Amino acid sequence: MNLGPLEIGLIILAVLLLFGYKKLPDASRSLGRSMRIFKGEMKGMKDDDVRPGTASPVAGPAALDAADRDRRMQLEAEAAAAEARAAELRARAARPGVADPR
């Protein structure tokens, strides 16, 4: 499947029309964050596989890895919520005539 310059241009135009140029940085940031989470989960799944000679995949350090992964996911969810709140506040501040909520 080869994409030529015309096809790439049409894809870029469609993305601009769908999201608008103001929302593209947030969309790409979200996509990057999702890819990082996905890659981390895939790596975690590989680490959870039972290796020959081990009793279970959750014995020893693997159990710590699962706890670390859960904590990391919780922190990423909190960070995403904080980013969403910051984006909301930036959008509110960008509107003319809106007073400071403090």
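Calculation rules
Residues numbered from 1 in each chain as written. Predicted model: local features only at pLDDT ≥ 70, side-chain atom pairs only at ≥ 80, totals over all residues. Heavy atoms only, no water. Helix = DSSP H or I, 4+ residues; strand = E, 2+ residues; numbered from the N terminus. Expected span 1.5 Å × (residues − 1). pLDDT = per-residue confidence, 0-100. Salt bridge = Lys/Arg side-chain N within 4 Å of Asp/Glu carboxyl O. Buried < 20%, exposed > 50% of the residue type's maximum accessible area, 1.4 Å probe, protein only.

### Some remarks on helix H1 (residues 5-19)
Now for step 1: For H1, built from 15 residues, the straight-helix expectation of 21 Å at 1.5 Å per residue is met to within 8% by its first-to-last C-alpha distance of 21 Å.
Now for step 2: Positive backbone phi, at 85°, marks Gly20, one or two positions downstream of H1.

### Thoughts on the confidence of the model for the chain
Now for step 1: A residue-level look at the chain finds 78% of positions with pLDDT of 70 or above and a mean pLDDT of 79.
Now for step 2: Mean pLDDT in the chain bottoms out at helix H3 (residues 61-94), which sits at 82, and peaks at H1, which reaches 88.

### What about the pattern of salt bridges?
Now for step 1: This model, assessed by the stated rule, comprises four salt bridges.
Now for step 2: Between Asp26 and Arg29 there is a salt bridge, and its shortest N-O distance comes to 2.8 Å. Of this pair, Asp26 and Arg29 both sit in helix H2 (residues 24-48), three residues apart, which is roughly one turn of that helix.
Now for step 3: Its relative accessible area of 35% is what places Asp26 among the partly exposed residues.
Now for step 4: We note a salt bridge from Arg33 to Glu83, for which the minimum N-O separation is 2.1 Å. A residue pair is termed long-range when its members are at least 10 positions apart, and Arg33 in helix H2 and Glu83 in helix H3 qualify at 50 residues.
Now for step 5: Since its relative accessible area comes to 36%, Glu83 is described here as partly exposed.
Now for step 6: Several salt bridges converge on common partners, so that one network encompasses Arg85, Glu88 and Arg92.

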